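Now for the letters of each chain:
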Amino acid sequence: MSQAKENAALAALDFVQDGMTLGLGSGSTAEIFIEHLGERVAGGLKVQGVPTSKQTAACAEENGVPLIGIDKVSRIHLTVDGADEVDPMFTLIKGGGACLLREKIIAAASDKMVVIVDESKMVEKLGKFPLPVEVDPFGVTLTAEQIYEALQKSGCQNGQTVLRQNKEGTGPLITDGGNYIVDCKCEVIPAPGETAHLLNHVPGVVEHGLFIDLSSVVIVGEPDHYRIMEIKREG
Ligand code: 5RP
């Protein structure tokens, strides 16, 4: 386990308060957070978690964190999740674990989103990590062509699209929502807002991995310490 991820995950526990409904992110860093959250629950902390993926639900169950379905909550106080890239404005690329749709629904519904990453995820410009776009399987080749055009139009250096395959190598990866993931090799995304806007208008795109104005706290773990960075957001 990476000590840097562990340090970020542990620091995020300070944002958790008794009685909270928590959005539980997906990925290895989020799972470290859930493991430690489970220890706190065993010690008497009362929280309930809304999982962003089936894998996260399994992890929470294993670690004794009580879960509640998204349609049963009226408020999510805090979401703690990882990211694939974070820029200086806390715009994120997410979806490396193919959970971006549920992650975004839950982050957008949360009062606060705390992102936990190691230093390697911090970038000046987004795009080195291929941007995941979740698409309806129907017409995926045509949708991928339109995604490519949207990326070119918004100034991405490249935009080559690749349909993500499952781990077994037997066909396209299917997300928890029953969709495909198209990974876009952008290299640089110079205007994330413009890219997001154009992608939102491509028929067949269910959601994309650009998270804009959603997180207000980023905790960057390093091998022997962590840094907490905060941006004030309206509302
Ligand atoms: C899953 C995600 C993850 O948060 C992202 O891939 C980071 O994962 P890790 O913490 O394992 O580095 O977006 O869809």
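Computed from a predicted structure; not experimentally measured.

## Here we look at unusual backbone geometry
And step 1. One non-glycine residue, Phe90, lies in the positive phi region at around 65°.
And step 2. Taking the relative accessible area as the measure of exposure, Phe90 reaches 4% and is therefore buried.
And step 3. The residue Asp213 is not glycine, and still its phi comes out positive at about 60°.

## Describing the sheet that holds strand β9 (residues 180–185)
And step 1. As summarised here, the arrangement of the 4 strands in space is β8-β9-β7-β10, forming an open sheet in which the pairing is antiparallel. Here the strands that pair on one side only, and so sit at the sheet edges, are β8 (160–163) and β10 (205–208). Neighbour to neighbour, the strand axes of the sheet diverge by 30° on average, direction disregarded.
And step 2. Packed on one face of the sheet, helix α6 (residues 192–200) meets β7 (131–135) and β10 and runs near 160° to β10.

## Quick look at the packing of helix α1 (residues 3–12) against helix α2 (residues 28–42)
And step 1. Axis separation between α1 and α2 bottoms out at 9 Å; the angle between their running directions is 50°. By the angle class used here, α1 and α2 are oblique. Judged by the sense of rotation from one axis to the other, the crossing of α1 with α2 is right-handed. Taken together, the residues of α2 that come into contact with α1 (itself represented by Lys5, Glu6, Ala9, Leu10 and Ala12) are Ser28, Thr29, Ile32, Phe33 and His36.

## Quick notes on the site of the ligand
And step 1. The ligand sits among 17 residues. The nearest are Ser28, Thr29, Asp84, Gly95 and Lys121.
And step 2. A distance of 3.1 Å is found between an oxygen atom of the ligand and a backbone nitrogen or oxygen belonging to Ser26.
And step 3. Taking Glu103, its side chain carries an N or O atom lying 3.1 Å from an oxygen atom of the ligand.
And step 4. Compared with its free state, where it exposes 380 Å², the ligand has 91% of that area covered by protein.
And step 5. Split by residue class, the shell around the ligand holds 3 nonpolar, 8 polar and 6 charged.

Calculation notes
- Residues numbered from 1 in each chain as written.
- Predicted model: local features only at pLDDT ≥ 70, side-chain atom pairs only at ≥ 80, totals over all residues.
- Heavy atoms only, no water.
- Buried < 20%, exposed > 50% of the residue type's maximum accessible area, 1.4 Å probe, protein only.
- Pairing = 2+ DSSP bridges.
- Helix = DSSP H or I, 4+ residues; strand = E, 2+ residues; numbered from the N terminus.
- Axes fitted to C-alpha atoms, helices over the stretch in contact; angles between N-to-C directions.
- Contact = heavy atoms within 4.5 Å.
- Parallel < 35°, antiparallel > 145°, perpendicular 65-115°, else oblique.
- Left-handed = near helix turned anticlockwise from the far one by under 90°.
- Near = heavy atom within 4 Å.
- Polar contact = N/O pair within 3.5 Å; in protein donor to acceptor, adjacent residues only side chain to side chain.
- Areas by Shrake-Rupley, 256 points an atom, 1.4 Å probe, with all protein chains shown as cover.
- Nonpolar A, V, L, I, M, F, W, Y, C, P; charged D, E, K, R; others polar.

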